[in-house]
Amino acid sequence: MRMLLAGAAFALPLGAAAQDMTLKLGHLANEANSWHKASMLFAEEVATRTEGRIAVEVYPNDSLGREIDLINGMQLGTVEMTITGESLQNWAPMAALLAIPYAHASLEEMDAVASGEIGDQIEAQIIERAQVRPIAYFARGPRNLTANKAITTPADLAGMRMRVPNVPLFVDTWSALGAQPTPMAFSEVFTSLQNGTIAGQENPLALIQSASFNEVQSHVNLTEHVRGWIYLTVAEQVWQQIPEEDQAHLLEAAAVAQEFERAQFLKDEELIRADLEKKGMTFHEVDQAAFAEASRQAVIDGVDESIRPVVEELFAN
């Protein structure tokens with residue numbers, strides 16, 4: 001679905017210059033997601049700040065292509081922008097740091113890393129090796145474990161068959177915690193929960209809600225085992241074609257979008273929890289320290305050797 005923000009067309013000052021460049025921004029989220037809302041605001045801000053020289057067209061729902069395809073397109077010069085995260089580790093190993101289990105105990109700790117020295121190193125490697133330039137970052141909802149029972153300690157996981165994404169680090173982590181992790185496509189999870197092939201799964205609240213897992217799972221166990229972020233990015237070869245003045249405008253627009261997204265994200269998390277509780281799901285606090293301790297060595301052993309010292313540093317803090 002092609003979406004050009006109407007506000008961008010009407011927010012231009014009188015006498016604005018003709019459009020010089022169009023940036024296509026494709027992403028996987030739907031129109032209700034905070035990432036999409038922030039992307040639309042970004043488009044509006046860019047149009048206003050560049051006086052119409054640069055237009056941003058936003059394509060949600062993978063309508064411009066899937067994440068990896070968009071990254072490849074950015075490298076080839078056929079796509080200008082996307083929202084992406086740890087998938088970039090296929091080119092830049094440090095991008096794996098965007099989704100390390102129990103690396104951050106809170107949103108504030110995650111922010112300190114994302115906006116600090118480690119974040120700078122991640123971004124520099126992504127630019128160099130993936131030829132993709134991060135210009136802002138958005139929070140991802142922490143991943144939580146759903147089941148048909150309360151799970152508050154690792155011992156409660158013993159032998160439980162649960163779905164995980166096809167990410168070796170996630171498989172190793174849940175194995176270390178005592179579960180039987182089963183990689184499976186997300187599209188198969190609801191039916192597998194329904195027929196008992198698996199007993200649980202883990203995902204952010206937004207996906208638990210949108211997939212209607214409340215119909216086949218009764219409990220949300222607040223493991224919050226992965227807190228991470230994702231980048232708003234521009235293809236590096238496109239970035240180098242943008243005049244320095246307009247590069248500054250894009251960064252200003254991205255900063256506005258990042259601040260907006262954070263407020264929207266926090267609001268959405270509260271609303272989603274309330275909705276899931278209304279639909280019958282019970283939320284449980286868990287012994288997160290016990291989960292973190294039981295999985296720590298598996299996480300350290302499971303990451304690329306080049307980032308292992310950084311992971312160990314994160315755990316030590």
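This text gives an overview of the structure that appears in the document. None of these values were measured; they are calculated from a predicted model.

### Brief notes about the overall build of the protein
- Secondary structure summary: the protein contains 12 helices and 12 strands in total.
- The C-alpha atoms of the protein give a radius of gyration of 20 Å, which matches the 20 Å a tight globule of 317 residues would have.
- Dimensions of the protein, computed from the C-alpha atoms along their principal axes, are close to 65 × 45 × 30 Å.
- A fraction of 76% describes how many contacts in the protein between residues 6 or more apart in sequence connect residues 24 or more apart.
- A total of about 13,800 Å² of accessible surface is found on the protein, and carbon and sulfur atoms cover 50% of it.
- Measuring between centres, the 21 positive side-chain charges of the protein sit 6 Å from its 44 negative side-chain charges.

### Re the pairing of strand β3 (residues 54–59)
- Of all 6 residues that make up β3, 6 are buried, and the element is covered over most of its length.
- Residue alternation in β3 divides its side chains into two sets, Ile54, Val56 and Val58 and Ala55, Glu57 and Tyr59, and both sets are buried.
- Strand direction decides the pairing type here: strand β2 (residues 21–26) and β3, joined by 6 bridges, are parallel. Each bridged residue has a counterpart across the sheet, and for Gly26 the counterpart in β3 is Tyr59.

### Some points on the packing of helix α6 (residues 168–176) against helix α11 (residues 288–302)
- The N-to-C vectors of α6 and α11 enclose an angle of 140°; their axes lie 8 Å apart at closest approach. The two elements α6 and α11 cross, and the hand of that crossing is right-handed. Contacts from Leu169, Asp172, Thr173, Trp174 and Ala176 in α6 reach Phe291, Ala294, Ser295, Ala298, Val299 and Gly302 in α11.
- Class assignment for the residues of the contact of α6 with α11 results in 7 nonpolar, 3 polar and 1 charged.

### A few points about unusual backbone geometry
- In this structure, Asp62 takes a positive phi of about 60° despite not being glycine.
- With respect to the helices, strands and loops of the structure, Asp62 is situated in the loop between β3 and α3 (67–76).
- Exposure remark for Asp62: the relative accessible area of 31% places this residue in the partly exposed category.

### Thoughts on the side chain of Gln264
- Along the polypeptide, Gln264 turns up in helix α10 (residues 244–278).
- Setting aside residues up to four positions removed in sequence, Gln264 forms contacts with Ser34 and Lys37.

### A look at the packing of α11 against helix α12 (residues 308–316)
- Look at α11 against α12: their axes get within 9 Å of each other, and the N-to-C directions meet at 155°. Relative to α12, the element α11 lies roughly antiparallel. Taken together, the residues of α12 that come into contact with α11 (itself represented by Arg296, Val299, Ile300 and Asp301) are Arg308, Val311, Glu312 and Phe315.
- A breakdown of the residues in the contact of α11 with α12 according to their chemical character gives 4 nonpolar, no polar and 4 charged.

So, how was this worked out
- Residues numbered from 1 in each chain as written.
- Predicted model: local features only at pLDDT ≥ 70, side-chain atom pairs only at ≥ 80, totals over all residues.
- Heavy atoms only, no water.
- Helix = DSSP H or I, 4+ residues; strand = E, 2+ residues; numbered from the N terminus.
- Rg over C-alpha atoms; globule rule 2.2 N^0.38 Å.
- Contact = heavy atoms within 4.5 Å.
- Areas by Shrake-Rupley, 256 points an atom, 1.4 Å probe, with all protein chains shown as cover.
- Lys, Arg positive; Asp, Glu negative; His and termini not counted.
- Charge placed at Lys NZ, Arg CZ, Asp CG, Glu CD.
- Buried < 20%, exposed > 50% of the residue type's maximum accessible area, 1.4 Å probe, protein only.
- Pairing = 2+ DSSP bridges.
- Axes fitted to C-alpha atoms, helices over the stretch in contact; angles between N-to-C directions.
- Left-handed = near helix turned anticlockwise from the far one by under 90°.
- Nonpolar A, V, L, I, M, F, W, Y, C, P; charged D, E, K, R; others polar.
- Parallel < 35°, antiparallel > 145°, perpendicular 65-115°, else oblique.

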